[in-house]
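Per-entry structural report
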Amino acid sequence: MVNYKVADENLAEKGKEALYVAESKMPVTAEIIRKRFSKEKPLKGITIAGCLHITKETGILARTLKAGGAEVYLCGSNPLSTQDDVAAALVQEGINVFAWHGNTDEEFYWCIRECLKAKPNILIDDGADMIVTAHKEFPELIEKGTIIACQEETTTGVKRFKAMNKKGALKVPLFPVNDARCKNQFDNELGTGQGIISAIYGMHVLFAGKNVLIAGFGHCSSGMALRARGLGANVTVTEVDAIKALQAKFAGYNVMPILEAIPDADIILTATGCKHVIPAKTEVFDKLKDNVILGNLGHFDIEIPTKELYEHAKEIKPVRTNVEELIFPNGKKVYLLAKGRLANLVLSEGHPSEVMDMSFALQSLMSEYIVKNKASFKPGMISIPPEIDDKVGYLKLKTMGVKIDKLTDEQYSYIHGYEEGT
Ligand SMILES: NC(=O)c1ccc[n+]([C@@H]2O[C@H](COP(=O)([O-])OP(=O)(O)OC[C@H]3O[C@@H](n4cnc5c(N)ncnc54)[C@H](O)[C@@H]3O)[C@@H](O)[C@H]2O)c1
């Protein structure tokens, strides 16, 4: 029996079309790994619960885990990122899905609880909400060893777990998949970079000649800066890390404090994982340029002070799906994307499938690794084995028809030795 609650089961046909498109663009997850999983069934008897953005790419991951023998439960990791058609299609395929677009905070946690009630053995989280809920409300899953290990997909989630671990509060083995090279250097940089451009393009906004302010110069934000510059925008970067700021400066961007940059900015995009990157103050709101576009790409809706902006506005008008015009008391208009939530996921379709192929190949192989090596784990953070990261890289290159060199024995000895010098 499939357990589920989705928006509309009648959307399944449309969801199948979306999944069909993603299949061919994710050959590592959907072909190479799935073919082997179907034969070997490495996940037989295992229940996996994923708190992930319910997109077509996540659907491909779910299919591969199921092909490996797992019982799969899914809930959304953001109230606005669920693609209802994909959710409906997955239910028809026997995936247990509790997710719909636009759920309330209360419903969001209800969905997480429904997944945890299935007594999962592996949790795949995106933002830490499911694993934190397991610690708070389902401690028996941890105490009795039902949960073997967990995986985290995004930077903010990894940061939360590092903080938990430091306090001794992390009681499960946790693999920060986000920290793998095949994840953050491609999914975060390329996915977010292209995703925000396509989200704003949907509003028919020209980037060329615009002043674009990018908060942060990390994986996501540096990708966004590069894409905005490529379209002819004047890009200004704000940072709190001196080295990142230097990298931005030497890459040719303007670098300055955010309060200095705000008055000239036509588009402001945040992806820092930090709170109130635009300070929640009326005098700052008054400095925003008329018609400025505000978009957040960081995991939670706290980087742009959405609540305070809504309170400050004398009128809020929806102008397109998930874009609101806020009219301030002084008559200025501000365009807020996706209510301050992940604009690339809410306004466009999230990251391109090609990029998610690597992230979800990692999640698939890590699930297999967890089952194979479960006896050796202790609670706390455990690094992703480099050989799994490398394997995904090699497989991705193979599917792209790209060959690379291999170290000779002599080269290997040289770069791993110290004897040879001048
Ligand atoms: N939208 C998406 O699809 C998507 C994808 C991946 C990650 N994320 C999320 O995006 C956020 C950033 O992830 P990342 O991998 O780029 O992290 P990162 O650690 O690589 O980069 C964050 C950068 O922001 C800087 N920063 C922190 N506080 C700041 C502030 N107040 N002002 C200016 N700069 C500040 C940091 O110094 C750092 O350089 C996280 O919340 C992550 O979970 C979103």
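One can find the structure itself at the top, above this paragraph.
Let me begin by describing the structure that accompanies this report. (Residues numbered from 1 in each chain as written. Predicted model: local features only at pLDDT ≥ 70, side-chain atom pairs only at ≥ 80, totals over all residues.)

Over its 12 residues, helix 10 (residues 219–230) runs 17 Å from end to end, which matches the ideal 16 Å to within 8%, given 1.5 Å per residue. When you tally the buried positions in helix 10, you get 9 out of 12 residues, the bulk of the element. Buried residues along helix 10 sit in contact with helix 9 (181–201), strand 8 (211–215), strand 9 (234–238) and strand 11 (267–270). (Helix = DSSP H or I, 4+ residues; strand = E, 2+ residues; numbered from the N terminus. Expected span 1.5 Å × (residues − 1). Buried ≥ 20, exposed ≤ 12 C-beta atoms within 10 Å, placed from the backbone. Contact = placed C-beta atoms within 7 Å.)

Let us look at the sheet that holds strand 13 (residues 315–320). In spatial order, the strands read 10-9-8-11-12-15-14-13; together these 8 strands make up an open sheet with mixed pairing. Of all strands in the sheet, those with a lone pairing partner are strand 10 (254–255) and strand 13, marking the two edges. Relative to the sheet, helix 9 contacts strand 11, strand 12 (292–296) and strand 15 (333–337), its axis offset from that of strand 12 by approximately 140°. Most of the contacts of helix 10 go to strand 8, to which it runs at about 170°, and overall it touches strand 8, strand 9 and strand 11. (Pairing = 2+ DSSP bridges. Axes fitted to C-alpha atoms, helices over the stretch in contact; angles between N-to-C directions.)

The 8 strands are arranged 1-4-3-2-5-6-7-16 in an open sheet whose pairing can be described as parallel. Where the open sheet ends on each side, the last strands, each with one partner, are strand 1 (4–6) and strand 16 (380–381). Bridge count between strand 3 (residues 71–76) and strand 4 (residues 96–99): 3 bridges; the pairing is parallel. Its bridge partner lying in strand 4, tyrosine 73 is registered against asparagine 96.

With that settled, the discussion passes to the nonpolar core. Formed by 75 residues in total, the largest nonpolar core has its most connected members in Leu74 and Val97. The greatest single-element share of this core, amounting to 10 residues, is contributed by helix 16 (residues 353–373). Not counting residues up to four positions away in its chain, the partners in contact with leucine 74 are Gly50, Leu52, Ile54, Thr58, Ala62, Leu90, Ile95, Asn96, Val97 and Ala99. One finds Ala225, Tyr253, Ile267 and Val323 within the second-largest nonpolar core, a separate group that totals 48 residues. (Core = buried A, V, L, I, M, F, W, Y, C linked by C-beta atoms within 7 Å.)

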